[in-house]
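The chain contents come next:
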Protein chains: 4
Amino acid sequence: MACLGVGLIGTGYMGKCHALAWNAVAPVFGDVERPRLVGLAEVEAALARRRADEFGFESATSNWRDLLSDPDIDVISITTPNQFHAEMAVAALEAGKHVWCEKPMATTLADAERMLAASRASGKVTVMGYNYIQNPLIRHMAALVAQGAIGAVTHVRVEMDEDYMADPDEPFYWKSEARSGYGALDDFAVHPLSLLSVLVGLPVEVMTDMSKPYADRPAREGGRRAVENHDIASVLLRFGEGPSGVLMANRSAWGRKGRIFVQIYGSEGALLYDQERMNEFQLYDRAGEPANHGFRTVLTSGSHPIYGRFVPAPGHGLGFNDLKIIECRELLAAVAGEPAHIVDFERGLAIERAVHAMAQSHSEGRWMKVS
Amino acid sequence: MACLGVGLIGTGYMGKCHALAWNAVAPVFGDVERPRLVGLAEVEAALARRRADEFGFESATSNWRDLLSDPDIDVISITTPNQFHAEMAVAALEAGKHVWCEKPMATTLADAERMLAASRASGKVTVMGYNYIQNPLIRHMAALVAQGAIGAVTHVRVEMDEDYMADPDEPFYWKSEARSGYGALDDFAVHPLSLLSVLVGLPVEVMTDMSKPYADRPAREGGRRAVENHDIASVLLRFGEGPSGVLMANRSAWGRKGRIFVQIYGSEGALLYDQERMNEFQLYDRAGEPANHGFRTVLTSGSHPIYGRFVPAPGHGLGFNDLKIIECRELLAAVAGEPAHIVDFERGLAIERAVHAMAQSHSEGRWMKVS
Amino acid sequence: MACLGVGLIGTGYMGKCHALAWNAVAPVFGDVERPRLVGLAEVEAALARRRADEFGFESATSNWRDLLSDPDIDVISITTPNQFHAEMAVAALEAGKHVWCEKPMATTLADAERMLAASRASGKVTVMGYNYIQNPLIRHMAALVAQGAIGAVTHVRVEMDEDYMADPDEPFYWKSEARSGYGALDDFAVHPLSLLSVLVGLPVEVMTDMSKPYADRPAREGGRRAVENHDIASVLLRFGEGPSGVLMANRSAWGRKGRIFVQIYGSEGALLYDQERMNEFQLYDRAGEPANHGFRTVLTSGSHPIYGRFVPAPGHGLGFNDLKIIECRELLAAVAGEPAHIVDFERGLAIERAVHAMAQSHSEGRWMKVS
Amino acid sequence: MACLGVGLIGTGYMGKCHALAWNAVAPVFGDVERPRLVGLAEVEAALARRRADEFGFESATSNWRDLLSDPDIDVISITTPNQFHAEMAVAALEAGKHVWCEKPMATTLADAERMLAASRASGKVTVMGYNYIQNPLIRHMAALVAQGAIGAVTHVRVEMDEDYMADPDEPFYWKSEARSGYGALDDFAVHPLSLLSVLVGLPVEVMTDMSKPYADRPAREGGRRAVENHDIASVLLRFGEGPSGVLMANRSAWGRKGRIFVQIYGSEGALLYDQERMNEFQLYDRAGEPANHGFRTVLTSGSHPIYGRFVPAPGHGLGFNDLKIIECRELLAAVAGEPAHIVDFERGLAIERAVHAMAQSHSEGRWMKVS
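Residues numbered from 1 in each chain as written. Chains lettered and ligands numbered in written order. Predicted model: local features only at pLDDT ≥ 70, side-chain atom pairs only at ≥ 80, totals over all residues. Heavy atoms only, no water.

### Observations concerning the overall build of chain A
Note the following rule: Secondary structure elements follow DSSP: runs of H or I no shorter than four residues count as helices, runs of E no shorter than two count as strands, and numbering proceeds from the N terminus. Note on method: radius of gyration uses C-alpha positions; expected globular size equals 2.2 Å times residues raised to 0.38. The contact definition used throughout considers only heavy atoms, calling two residues in contact when any of these lie within 4.5 Å. Here the accessible surface of atoms and residues is derived via Shrake-Rupley with a 1.4 Å probe, and residues count as covered only by protein chains that are part of the display. His residues and chain termini do not enter the charge count, which takes Lys and Arg as positive and Asp and Glu as negative. Here the site of a charge means atom NZ of a Lys, CZ of an Arg, CG of an Asp or CD of a Glu.
When its secondary structure is counted, chain A shows 11 helices and 17 strands. Taking 371 residues into account, the globule formula puts the C-alpha radius of gyration at 21 Å, and chain A, at 21 Å, falls close to it. Along the three orthogonal principal directions, the C-alpha set of chain A runs to about 60 × 55 × 40 Å. A sequence separation of at least 24 residues applies to 68% of the contacts in chain A between residues at least 6 apart. Carbon together with sulfur atoms contributes 49% to the accessible area of chain A, which is approximately 11,600 Å² in total. Measuring between centres, the 36 positive side-chain charges of chain A sit 1 Å from its 47 negative side-chain charges.

So this is what it looks like as structure tokens:
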């Protein structure tokens, strides 16, 4: 694989996460050429320079469009706030760059559709930053499901819960504004949906209820201000002829920090996974002696795809940032025309369509098809 | 408290469970007079006699009505199949007996209503066998909620899952017949609802989806037979001005044996409980140093109501049958006119109304009020 | 099996526990005649009478020797403080009664030896109250080990920890006196040893270190008083040609309530068990696909011996007191001349010899053979 | 902090791990200048060149001494097999370089002492690669202990278990040769000792038993060959006036992958940690309402030192390789003359002295002081 030139837009947390991945992908995998970190863009020039030095990028600019016109750059990492994704991704694709874009695609369906259209027109690789699917254990679970290890899937449940909105005394801020989105639904639901998409597919019909744990919050300017969106969403799922399911999201769930709890039940067994313990999953298999049946807690090891690239010894653990390194490696595979385990703009749009259908279901109080 | 005379109808598993409780309630608690085990009824006379000897009952009969006319009997335990509950309970109440009846109340709402009417007319004590609420930890959790230890409740989730219908090769039997009931909904949902009723109250509005993991099963007579009810039910819950919630039930969930997993989120903390580990619960409390915040796994101890009557040392564990002994003690309290922690026919009927509303919601594909 | 007449000495917690077992053994098992509860002895006559009524015993006495001369009594339950065991057990055996005696056997080795001699002379059944071995899961684990399910055992670890002596501000009381015993070693070590005895056998050589977490404690009479025995004991174990091991006991271990954590490693797998979660064990088996290897958490079910007598449904849980009911059933088996899973006086004495060897090892600072 | 020039010796797994850390330390922390990756050494020149390209190093050599003479290099990472550590470290220190050396220090005490002498003579920074101590949770636990959060420490237990030698059918290889070391003791014990050293200090007296789970193994040349060292070691620990403890190590423990389970008991509470779940620890605190006492499972978050540099959201998880990045940052602190959380050659030697004392204790069958 030839050396790829990289441009990075945005140097906040996700920018740093992309930068770490670009630095690590060659040493970790040992089977790709080390990318050339050509340039990064950050709004403020001095900060851009400082980050370029820290992140190991050659040049820095305060104008992201500079990166698009740089012929040494082959791929653009987009890690800016969501409202900029569409403009940047479309421009990058039109400039003939591959695009690695953080989730969600965009703040409106129309923008996301525009992104997909640009992607198709360009023929370039697009990768959405759904890094949870990159966990070697999620891939292994997907393989188990695909191989029929738990038989035909009959039912799934996914819960995504955190507590960053759980404090009722936290003053009102933009996360509670209607214009920031539906609430838990777009903050969270895309992640479980990305997992479902690789594990069992996306739902075709949804029925949603959303609720507000706190009707209002202290306003910074004094008094109280009504909360405009929903911290909690619960969604009944149908998968056509396939399983039924439930998706639950709660960003006001005290005690939950990064929980994404997945339960997949099949005709021959079951699988469990909790993102808060991302280095293990559980498998129940009805074969063998009933007196010894139980959920097995399996630790990540070299028997699972890719883990061994990080650590040779089993059970030593990957971290959240490591998933981004794997995502980066998959992007390189896609660029090389190899099969890649990614959420591209097409699947990314499907995920966002599901989220919008869920929101609409709540508004209309009825089942909604996912178009 | 005066010595109570006991009559027992039915000597299957639940009959045995009642018998054990009647034998144990005085030694365990040490504050009630040992009940007099006057007579039991079982369909077949020889078996009735054998069970009376085993269970320590004085007399045996194959006609349950004999017990009602026995003036030495004050309370009747009804542990027969569900379709007999209404007839027996009404007759017992009319005969001036207190009634301890296994759940559910009856196979139709009309019968359950008749039972409540008889109960009101008689002025006698009625206790439904919802033993899960008797766990000292459930009582403690209810007290924590009531005292505001987790603040205002914002969201609840309850899952009840077992795997006795999980095997797709298991031949069709009566549990899959429509006339046996809705499936998971009435097999299971009453239990989570009994817990909700003591922890946060019953829902006022429900939206249900039910599904069949296996469309048909091998027929004993050859070929395959279509399954007529639903092994899986998922229900969105609304509690009026209170929290939102989700209730899930699955009797085809491989690996789950007696799972009833309860999550209660509040404005100040959260509570978790799993019936499969009935001697512990978890509490998250947002007070104190954030660096030490986490779910605490609390083992049952003498600090929780009643546990100390069973074992003086903490963490030594109660069993499923012990809950029935506590239920028995509560019945004795009710008979003595003391406050009692029970599900009487009134609350029992409320639980069954909720179940029927859930089923109707599924049929009509819309939200349904719980009358 | 003919109806057995029972006499009970002592009505404190363990007396109650025996009484519950005598009441429950026939209903639970359904295959033994209900014992006749003939008489009970308690120091104070009024209390004896009250307990007899509660426990369902026919007569009460304040003189335990009355029970020995009662021809209707076949078996004596001894549940008094340890210093009385030897006298009572020997007298009961000499009176031709079977004996069910709480652990430990006696406060001196000489007394324990006298008990064994009396047992041999009488030819009667003796059962020590080591109820942890009665857990269906412990029996299942013992069977797995015996069948070679984890291959040849290579190493074992047992930890028994509670926190009833953990509070340094707790005033000095008799438990800290030298004459009450070695401390953790005799309070606790007998239990892990009873488990080892059924799982892998008893150690043949031991090396002990004991320590005092608190050198002194507040004296009730003012000032402080030096602690005379050891709340913590750690013991290296050798099993001859067999595995090595470690036994640890700590009665000042904050947070531990009834922990007995057992780890058994073999050439083909491993077994784990924690008494605080007595309804589950864990099994690791190296067979099959490495990518799915892990410790399986197995819940008690009807596939394990005896559990089904208590509850037909799996995973519903036994309690601490239920183990005593099983122990009672085993005693009945022994009386009937059937194979019984018990610790009799012979094995009981072997356990106590091991404890004394451990204490001696600490005193002498060297390895000690268990005679 | 001025830009540091880096030389790396060895490019196997630990070499890669160092390289990843050198690449990531500046982006992750954002408060240090990005190090200049000057040169790396690997035995074979072509491989050296390839690794330099992958790892982002400027130059490559097959002669590690080239790095020592390069004036642009300030610090040398030593990641070669253990027998080369002493020669390289001493030479590097003599060449005026700081040294970051993988554990253990050396294969003999004499070599390790030579390394410490060279370190003292040079006045340069030395850091041993004990990365487990870098876990933010271990630092937090150390701080809790130091602050008295669990009172005076009374007892500690540490278990380190893996299963890479558990298969009895695995042919004999160098790990079972006496000249490779004592077995579990030097493979494993240094890690728990590094943790003890930061949590409660090192033991002053030890009593060891070692055992061989398998007396012999299949020889590759046919027949069987006697195993020469011990896969299992169990050690009683004394800490002078302080707590007692037990250290256990087993490299034949089926099912254990990277377990390092630490239990620390104090007069006011307890702490638990398991390396297999390195993103959580447990704290028991006896303050507050007993009915709510229990071990709290605390997930890593921004409230713990350094974690926030990796991920802003709590509970998202660090991986094993991340600990090396933190270690690298500490080395930079030490070079800058700031306080650093490291195991330097002095503490490294103390750890190795403890290991040797343990081995000697086993040989002599008696307690041994750690000099």
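### Things to note about the sheet that holds strand β5 (residues 98–101) of chain B
Residues and elements named next belong to chain B. Using the following cut-off: For two strands to be treated as a pair, DSSP must find at least two bridges joining them. Axis definition: a line fit to C-alpha positions, over the contact stretch in the case of helices; interaxial angles, taken between N-to-C directions, run 0 to 180 degrees.
Taken in spatial order, the six strands of this open sheet run β3-β2-β1-β4-β5-β6, and their pairing is parallel. The sheet terminates laterally at β3 (59–61) and β6 (126–128), the two strands that pair on one side only. Strand-to-strand twist across the sheet, computed as the mean angle between neighbouring axes with direction ignored, equals 15°. The strands that helix α2 (residues 45–55) touches are β1 (5–9), β2 (36–41) and β3; relative to β3, the one it contacts most, it runs at about 150°. Lying over the sheet, helix α10 (residues 320–335) contacts β4 (75–78), β5 and β6, oriented at roughly 160° with respect to β5.

### Observations concerning the interface of chain D and chain C
Basically, it comes down to this: A simple way to read buried area is as the amount of 1.4 Å-probe accessible surface that goes missing from two parts once joined, with both sides added. Whenever a carboxyl oxygen of Asp or Glu lies within 4 Å of a side-chain nitrogen of Lys or Arg, that contact is scored as a salt bridge. We call two N or O atoms a polar contact when they sit within 3.5 Å, provided that within protein one can donate a hydrogen and the other can accept it, with sequence-adjacent residues counted only if both atoms are side-chain atoms. Put simply, Ala, Val, Leu, Ile, Met, Phe, Trp, Tyr, Cys and Pro go in the nonpolar bin, Asp, Glu, Lys and Arg in the charged bin, and everything else, Gly too, in the polar bin.
On the side of chain C, 47 residues touch chain D, which itself brings 47 residues to the contact. Buried surface at the junction of chain D and chain C, both sides included, amounts to about 3,400 Å², of which 54% is carbon and sulfur. Run the count over chain D and chain C and you get 10 salt bridges. With a shortest N-O distance of 3.1 Å, aspartate 169 of chain D and arginine 286 of chain C are connected by a salt bridge. One can count 24 residue pairs in polar contact (both at pLDDT 80 or more) joining chain D with chain C. Sorting the residues of the side of chain D that touches chain C by element identifies β7 (153–161), β8 (205–211), β11 (232–238), β12 (244–250), β13 (259–266) and β14 (269–274) of chain D as the ones contributing at least two each. The element best represented in the side of chain D that touches chain C is β11 of chain D, accounting for six residues. For the side of chain D that touches chain C, the residue count by class is 21 nonpolar, 13 polar and 13 charged.

### Quick notes on the relation of the copies chain D and chain C
Related by rotation about an axis and a shift along that axis, the two copies of the chain form a pair. Put simply, the rule is: In this comparison the copies share one frame, found by least squares on the C-alpha atoms of residues holding pLDDT of at least 70 in both.
Screw-axis analysis of chain D against chain C gives a translation of 0.0 Å along the axis, an RMSD of 0.0 Å, and a rotation angle of 180°. With respect to symmetry, the two chain copies, as superposed, fit the operation of a two-fold axis. The C-alpha atom lying nearest the rotation axis in chain D is that of arginine 366 of chain D; the distance is 3.3 Å. Interface residue correspondence from chain D to chain C reaches 100%, placing this contact among same-surface, isologous pairings.

### Some words on the domain arrangement of chain A
All names here are of chain A. Definition in use: Boundaries between domains were set according to an automatic or database domain assignment.
Considered domain by domain, chain A is made up of domain 1 (5–131) and domain 2 (135–313 + 343–369). Here the C-alpha centre of domain 2 lies 27 Å away from the C-alpha centre of domain 1. One can count three salt bridges joining domain 1 with domain 2. For aspartate 31, the salt bridge identified is with arginine 309, shortest N-O distance 3.5 Å. Applying the counting criterion to the domain 1 and domain 2 interface returns six residue pairs in polar contact (both at pLDDT 80 or more).

### Side note on the packing of helix α6 (residues 136–146) of chain D against helix α8 (residues 190–199) of chain D
Residue and element names in this part refer to chain D. Formally: Should an angle fall under 35 degrees it is taken as roughly parallel, and over 145 as roughly antiparallel, whereas 65 to 115 is taken as roughly perpendicular and any remaining angle as oblique.
Two elements in contact, α6 and α8, have axes whose closest approach is 9 Å; the angle formed by their N-to-C orientations is 40°. Between α6 and α8, the crossing angle belongs to the class labelled oblique. Each of Ile138, Met141, Ala142 and Val145 in α6 lies in contact with α8, whose residues at this interface are Leu195, Val198 and Leu199. Here the residues of the contact of α6 with α8 sort into seven nonpolar, no polar and no charged.

### Overview of the side chain of threonine 300 of chain D
Residue and element names in this part refer to chain D. How we decide: In this scheme, a residue with accessible area under 20% of its type's maximum is buried, one over 50% is exposed, and one in between is partly exposed, where area comes from a 1.4 Å probe on protein chains only.
Assignment of secondary structure puts threonine 300 in the loop between β16 (295–299) and α9 (307–310). On the accessibility criterion, threonine 300 (2% relative accessible area) is buried. There is a polar contact of 3.0 Å between the side chain of threonine 300 and the backbone oxygen of asparagine 279. Among all residues touching threonine 300, those that are not within four sequence positions of it are Pro136, Leu137, Asn279, Glu280, Tyr307, Pro314 and Gly315.

### Some details on the pairing of strand β5 (residues 98–101) of chain A
Residues and elements named next belong to chain A. Worth spelling out the cut-off: Looking down the strands as they point away from the viewer, one classifies a crossover as right-handed if the path from the first strand across the helix to the second runs clockwise.
Of the two faces of β5, the one holding His98 and Trp100 and the one holding Val99 and Cys101 are both buried throughout. Where strand β4 (residues 75–78) and β5 come together, four bridges link them in parallel fashion. Bridged to valine 75 within β5 is histidine 98. Chirality of the crossover, the property in question, places the unit of β4, helix α4 (residues 85–94) and β5 among those that are right-handed. Pairing between β5 and strand β6 (residues 126–128): three bridges, direction parallel. Note on β6: the bridge partner recorded for cysteine 101 is methionine 128. On the question of chirality, the crossover connecting β5 to the parallel β6 by way of helix α5 (residues 109–122) is right-handed.

### Some remarks on the interface of chain B and chain A
Counting from both sides, the interface comprises 47 residues of chain B and, opposite them, 47 residues of chain A. Between chain B and chain A the total buried area reaches about 3,400 Å² when both faces are included, carbon and sulfur atoms providing 54% of it. Our count for the chain B to chain A interface comes out at 10 salt bridges. A salt bridge links aspartate 167 of chain A to arginine 286 of chain B; the nearest nitrogen and oxygen atoms lie 3.0 Å apart. If you look at where chain B meets chain A, you find 24 residue pairs in polar contact (both at pLDDT 80 or more). Looking at the side of chain B that touches chain A, the elements with two or more residues in it are β7 (153–161), β8 (205–211), β11 (232–238), β12 (244–250), β13 (259–266) and β14 (269–274) of chain B.

### So, the packing of aromatic side chains
The description of an aromatic ring pair rests on the distance of the ring centres and on the angle between the ring planes. Applicable threshold: Note on ring pairs: Phe, Tyr and Trp rings are taken, using the six-membered ring of Trp, and paired if centres are within 6.5 Å. Classes follow the plane angle, with under 30 degrees stacked, over 60 edge-to-face and the rest tilted. Our definition puts a charge over a ring when NZ of Lys or CZ of Arg is within 6 Å of the ring centre and also within 35 degrees of the ring normal.
The tally for this structure, following the rule as stated, stands at 28 aromatic pairs over all chains. When the centroid spacing of 5.4 Å and the interplanar angle of 80° are considered together, the rings of tryptophan 22 of chain B and tryptophan 100 of chain B count as edge-to-face. Here the residue tryptophan 22 of chain B occupies a position in helix α1 (residues 13–29), and tryptophan 100 of chain B occupies one in strand β5, the gap between them amounting to 78 residues. Judged by its relative accessible area of 1%, tryptophan 22 of chain B is buried. For arginine 238 of chain C, the ring lying beneath its charged end belongs to tryptophan 367 of chain C, and the centroid distance is 3.7 Å.

### With respect to the environment of arginine 217 of chain D
Residue and element names in this part refer to chain D. With respect to the helices, strands and loops of the structure, arginine 217 is situated in strand β9 (residues 216–218). Separated by 41 residues in the primary sequence, arginine 217 and serine 176 have C-alpha atoms spaced 9.1 Å apart. Ignoring sequence-local partners within four residues, the contact set of arginine 217 consists of Met165, Asp167, Pro168, Glu170, Pro171, Phe172, Ser176, Gly223, Arg224, Arg225, Val227 and Asp231. In this structure the side chain of arginine 217 is engaged in a polar contact, spanning 2.7 Å, whose partner is the backbone oxygen of aspartate 167.

### Let's talk about the pairing of strand β4 (residues 75–78) of chain C
Residues and elements named next belong to chain C. Both faces of β4 are covered, namely the face carrying Val75 and Ser77 and the face carrying Ile76 and Ile78. Relative to β4, strand β1 (residues 5–9) runs parallel, the two sharing four bridges. Note that in β4 the partner of valine 6 across the bridge is valine 75.

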